[in-house]
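Understanding the architecture of this molecule
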Amino acid sequence: MFFLAAAGLFAQHSYSASDIEDGGRLYRANCVQCHGPDGNALPKADLSLGKFRRTSTPTGTENELVTIIEKGVPGTAMMPNQSINDFQAATIVAYLRSFADNPSRASALSGDPVRGKELFESKAGCLTCHRVKTAGSRLGPNLTDIGANRRTVEIEHALVDPNAQAAPQNRSIRVVTKDGNTIIGRLLNIDTFSIQLLDSNESLRSFSRSDLSEATVLDKSTMPSYKDKLSAQERADLVSYLASLKGIDKQ
């Protein structure tokens, strides 16, 4: 856990893994375009080592970093951000702190993206659930720009332990109709009266809750772990390919 030793904006606060993941989502939504998924896209503002240039100490205080996130840095491309509150900015700080504890690459092996692409499309079977540009399935998250939005270490961890990395927006759901039919699919929307999902045939299905005897959001990822399905070198190759995917699918 991370602590905000604050004298001012914050009282001391511990941050759970969920808080840090929320900070990661905010980082990807607000910061990744300039700083990159690993925080090292700008040589003069490398966030990946847990050291900062415009703070009173190399590691900075949380108050200083929150202020920079919210107020920006005058005379630079770091603009003020008024769309997030103090606590949200603090979770981004906690996420940035996690960079120093988790290097940008977990594996010591060097991967080959060409071999990784071949694995992605064949042995690993990724296209049965995922899509890259116009190829593949829509059952799982679109991976066309995953390399621009996810740290390399996060991609690697997701292959080994997908349940730990599963994002809420990628949840699956099982519904059972009152006449006994069971459908499992990717959850698109759920509210008081209805549920929409994408079934195994990639068909959009909508159900009224009054027509269902059961509706269960699955807490585990449908993606298998590749820890034992691929060798360490194959995983490194696959990660290298996924990290190279930085295009935005406009299809």
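Provided above is the structure to which this section pertains.
Now for a description of the structure that goes with this document. (Residues numbered from 1 in each chain as written. Predicted model: local features only at pLDDT ≥ 70, side-chain atom pairs only at ≥ 80, totals over all residues. Heavy atoms only, no water.)

What to know about the overall build of the protein
Helix and strand content of the protein: nine helices and nine strands. Within the protein, the fraction of its 251 residues that count as buried is 41%. Excluding contacts between residues fewer than 6 apart, the proportion of contacts in the protein whose partners are at least 24 apart in sequence is 57%. Counting every atom, the protein has about 14,000 Å² of accessible surface; 52% of that belongs to carbon and sulfur. (Helix = DSSP H or I, 4+ residues; strand = E, 2+ residues; numbered from the N terminus. Buried < 20%, exposed > 50% of the residue type's maximum accessible area, 1.4 Å probe, protein only. Contact = heavy atoms within 4.5 Å. Areas by Shrake-Rupley, 256 points an atom, 1.4 Å probe, with all protein chains shown as cover.)

Re the nonpolar core
Soluble globular proteins tend to pack their nonpolar side chains together in the buried interior. One finds Tyr27, Ile69, Ile84, Ile92 and Leu96 to be the most contacted residues of the largest nonpolar core, which totals 20 residues. Listing elements by their share of this core, those giving two or more residues are helix H1 (17-30), helix H3 (62-71) and helix H4 (86-101). Once residues lying within four places of it in the same chain are set aside, the contact partners of Tyr27 are Val32, His35, Gly36, Pro37, Gly39, Leu47, Ile92, Tyr95, Leu96 and Phe99. The next biggest cluster of nonpolar side chains, apart from the first, holds 17 residues, and it includes Val132, Leu230, Tyr241 and Leu242. (Core = buried A, V, L, I, M, F, W, Y, C linked by side-chain atoms within 4.5 Å.)

Comments concerning the pairing of strand E6 (residues 182-190)
In the sheet, strand E5 (residues 172-177) pairs with E6 via five bridges, with the strands oriented antiparallel. For Val176, the partnering residue across the bridge sits in E6 and is Thr182. Note that E6 and strand E7 (residues 194-198) share four bridges and pair antiparallel. Each residue of the ladder has a partner; that of Arg186, found in E7, is Leu198. (Pairing = 2+ DSSP bridges.)

Observations regarding the sheet that holds strand E8 (residues 204-208)
Strand order in the open sheet made by the five strands is E8-E7-E6-E5-E9, with antiparallel pairing throughout. Whereas interior strands pair on both sides, the edge strands pair on one side only; in this sheet they are E8 and strand E9 (212-218). Sheet twist, expressed as the average angle between the axes of neighbouring strands with direction ignored, equals 40°. (Axes fitted to C-alpha atoms, helices over the stretch in contact; angles between N-to-C directions.)

A word on the environment of Ile92
Here Ile92 shows up in helix H4. Taking the C-alpha atoms as reference, Ile92 lies 6.4 Å from Gly24; in sequence the two are 68 residues apart. Once residues lying within four places of it in the same chain are set aside, the contact partners of Ile92 are Gly23, Leu26, Tyr27, Ile69 and Ile84.

Let's talk about the packing of helix H5 (residues 113-121) against helix H9 (residues 232-243)
Following both chains from N to C, one finds H5 and H9 inclined at 95°, their axes separated by 7 Å at the closest point. Our classification of the angle between H5 and H9 gives roughly perpendicular. Note on element contacts: H9 touches H5 through Gln233, Glu234, Asp237, Leu238, Ser240, Tyr241 and Leu242, opposite Pro113, Arg115, Gly116, Lys117, Leu119 and Phe120. (Parallel < 35°, antiparallel > 145°, perpendicular 65-115°, else oblique.)

Concerning the environment of Glu154
Along the chain, the position of Glu154 falls in helix H7 (residues 152-160). Residue Glu154 is classed as buried on the basis of its relative accessible area, which comes to 11%. Once the C-alpha coordinates of Glu154 and Pro37 are considered, the two residues, 117 residues apart in sequence, prove to be 9.8 Å apart. A distance of 2.9 Å separates a polar atom in the side chain of Glu154 from the backbone nitrogen of Arg151. (Polar contact = N/O pair within 3.5 Å; in protein donor to acceptor, adjacent residues only side chain to side chain.)

Looking at the pattern of salt bridges
Across all of its chains, the model carries 14 salt bridges by this definition. Its salt-bridge partner being Glu21, residue Arg28 comes within 3.1 Å of it at the nearest N-O pair. With a relative accessible area of 12%, Arg28 lands in the buried category. A residue is classified by how much of its surface remains accessible, and Glu21, at 24% relative accessible area, is partly exposed. With a closest N to O distance of 3.4 Å, Asp112 and Arg115 form a salt bridge. Salt bridges linked by common partners bring Glu21, Asp22, Arg25, Arg28, Arg150 and Glu154 together as one network. (Salt bridge = Lys/Arg side-chain N within 4 Å of Asp/Glu carboxyl O.)

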